[in-house]
Amino acid sequence: MKEPQSLVIGIDGGGTSTRCVAATLTGEIVGRGHGAGANVLTSADPGGSLRAALRAALAGTPPARVAGGVFALAGADSVRERAEALAEAAWADCGLPGRPAVVSDLAAAFSGATEEPSGAVLIAGTGAVGAKIVDREVTRRIDGHGWILGDAGSGVWIGRHAVQAVLASLEGRAAGTELLTAVATLPGAPADPTTGQIIALVHAGLDTSGPAWLGRLAPAVETAARAGDTAALGIVEEAARHLVATAHAVGLGTGPLVLAGSLLTEPTLLAAEVRAYLPDTPTLPARDSAAGAAALALHTFGAAASAHRRLIG
């Protein structure tokens, strides 16, 4: 009887969800698993999320078949030792041999979109960050400093500027804007809010949900911009300029630029603006970062580029 192939594991642990892929050394996906958030800085139980995703992906698979794995964890760049400890504990709890590698989620996002070894990645979702990738490793990171100090062009950045535009309009410092309607429809907002009520609403949202609460306004800015609202169009344009500046600071010209995060992978005005500012840069949409992490694991075993291509689809 033919012996079953060895497997590699790839995990993408983000702030809201964790995804796991089990694949053969030839790039065939044989299992998938999911868990709650595994951001090592902000998630409630990242270790539990990692274990849940691993167990689901490996259901019925003997642990001895697993040759290695790569965990791409949000927040790992900031607290490397904690990230490695969480990954190793989850790995051991599932009875797997050896220990997994822990990498930046930026590297997995890049390798989940292309088999090329080098290029760049630009992410704009709740936050925003860019990175230079050389030989599948992050060599330069730009922004990603959080909503107070950075994340320029992110969903939270857009939401904060939407609220500022509404306040300026109500106080007579700027023209009227349809964004007032968007703010007025947020949970807890009165029908005709004053500046004080809007400020109180924002602080309450931040207290209960954190900065991601502001990101809820990003779709409303998109809608208003498509309708021609001057304030919303200005916010989208400025967000695009910030993201393009991040991309240029990362360094373009060698390999593709992978665009990741919902603001750049969905058909938004922001994504179109960013691509328009980079006409000479080949761009690719991000796809499956868990498969990207598994692809990074494949390369540690000298897998062919064809296996990487098969794995990421």
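In case you missed it, the structure is sitting above this.
Cut-offs and rules
- Residues numbered from 1 in each chain as written.
- Predicted model: local features only at pLDDT ≥ 70, side-chain atom pairs only at ≥ 80, totals over all residues.
- Heavy atoms only, no water.
- Helix = DSSP H or I, 4+ residues; strand = E, 2+ residues; numbered from the N terminus.
- Buried < 20%, exposed > 50% of the residue type's maximum accessible area, 1.4 Å probe, protein only.
- Contact = heavy atoms within 4.5 Å.
- Areas by Shrake-Rupley, 256 points an atom, 1.4 Å probe, with all protein chains shown as cover.
- Lys, Arg positive; Asp, Glu negative; His and termini not counted.
- Charge placed at Lys NZ, Arg CZ, Asp CG, Glu CD.
- Axes fitted to C-alpha atoms, helices over the stretch in contact; angles between N-to-C directions.
- Parallel < 35°, antiparallel > 145°, perpendicular 65-115°, else oblique.
- Left-handed = near helix turned anticlockwise from the far one by under 90°.
- Nonpolar A, V, L, I, M, F, W, Y, C, P; charged D, E, K, R; others polar.
- Pairing = 2+ DSSP bridges.
- Salt bridge = Lys/Arg side-chain N within 4 Å of Asp/Glu carboxyl O.
- Expected span 1.5 Å × (residues − 1).
- Arc of directions from axis to C-beta.

## A word on the overall build of the protein
When helices and strands are tallied, the protein shows 12 helices and 10 strands. Across its three principal directions, the C-alpha atoms of the protein cover 75 × 40 × 30 Å. With 313 residues in all, the protein has 50% of them scored as buried. Partitioning the intrachain contacts of the protein with sequence separation of at least 6 by distance along the chain shows that 64% fall at a separation of at least 24. By element, 54% of the accessible surface of the protein is carried by carbon and sulfur atoms, the whole surface being about 13800 Å². Both charge centroids of the protein, one from 22 positive and one from 28 negative side chains, sit 6 Å from each other.

## Some details on the packing of helix H11 (residues 289-299) against helix H12 (residues 305-312)
The angle between the axes and the distance between the axes are what describe a pair of packed helices. Contact pair H11 / H12: the axes reach a minimum separation of 9 Å and the direction vectors enclose 165°. As the angle between them shows, H11 and H12 are arranged roughly antiparallel. For the pair H11 and H12, the crossing hand works out as right-handed. On H12, the residues that touch Ala291, Ala294, Ala295, Leu298 and His299 of H11 are Ala307, His308, Leu311 and Ile312. Partitioned by chemical class, the residues of the contact of H11 with H12 number 7 nonpolar, 2 polar and no charged.

## Thoughts on the sheet that holds strand S6 (residues 119-124)
The strands that make up a sheet pair up through hydrogen bonds in the backbone, lying either parallel or antiparallel. The strand order S8-S7-S6-S9-S10 describes an open sheet built from 5 strands, whose pairing is mixed. Only two strands of the sheet have a single neighbouring strand rather than two, namely strand S8 (137-143) and strand S10 (283-285). Direction aside, the axes of adjacent strands within the sheet are offset by 25° on average.

## Here we look at the pattern of salt bridges
Counting across every chain of the model gives 11 salt bridges. Two residues, Asp12 and Arg19, come together in a salt bridge whose shortest N-O distance is 2.7 Å. Accessibility expressed as a relative area gives 26% for Arg19, which makes it partly exposed. Put simply, Asp77 and Arg80 hold a salt bridge, and the shortest N to O gap is 3.6 Å.

## Focus on helix H2 (residues 80-93)
For H2, spanning 14 residues, the distance from its first C-alpha to its last is 20 Å, which sits close to the expected 20 Å at 1.5 Å a residue. Those residues of H2 that sit buried are Ala83, Leu86, Ala87, Ala90 and Trp91. Looking straight down H2, one finds its buried side chains confined to an arc of 130°; they lie on one side. Set apart from the buried face of H2 by more than 90 degrees, the exposed residues are Glu81 and Ala92. Residues of H2 that are buried in the fold lie against strand S1 (7-13), helix H1 (46-57), strand S4 (66-73) and strand S5 (101-103). A positive backbone phi angle near 75° is found at Gly95, which sits one or two residues after H2.

## Description of the sheet that holds S1
Strand order in the open sheet formed by 5 strands is S3-S2-S1-S4-S5, with mixed pairing between adjacent strands. With one partner strand each, in any of the chains shown, strand S3 (29-36) and S5 form the two edges of the open sheet. Going across the sheet, the axis of each strand differs from the next one's by a mean of 15°, ignoring polarity. Across 7 bridges, the pairing between strand S2 (residues 17-24) and S3 is antiparallel. Within S3, the residue paired with Val21 across the bridge is Arg32.

## Observations regarding the environment of Cys20
Here Cys20 shows up in strand S2. In the structure, Cys20 is positioned 247 residues away from Pro267 in sequence and 26 Å away in space, judged by C-alpha atoms. Leave out the neighbours within four places in its chain, and Cys20 touches Ile9, Gly10, Ile11, Gly31, Arg32, Gly33, Ala53, Leu54, Ala57 and Ala290.

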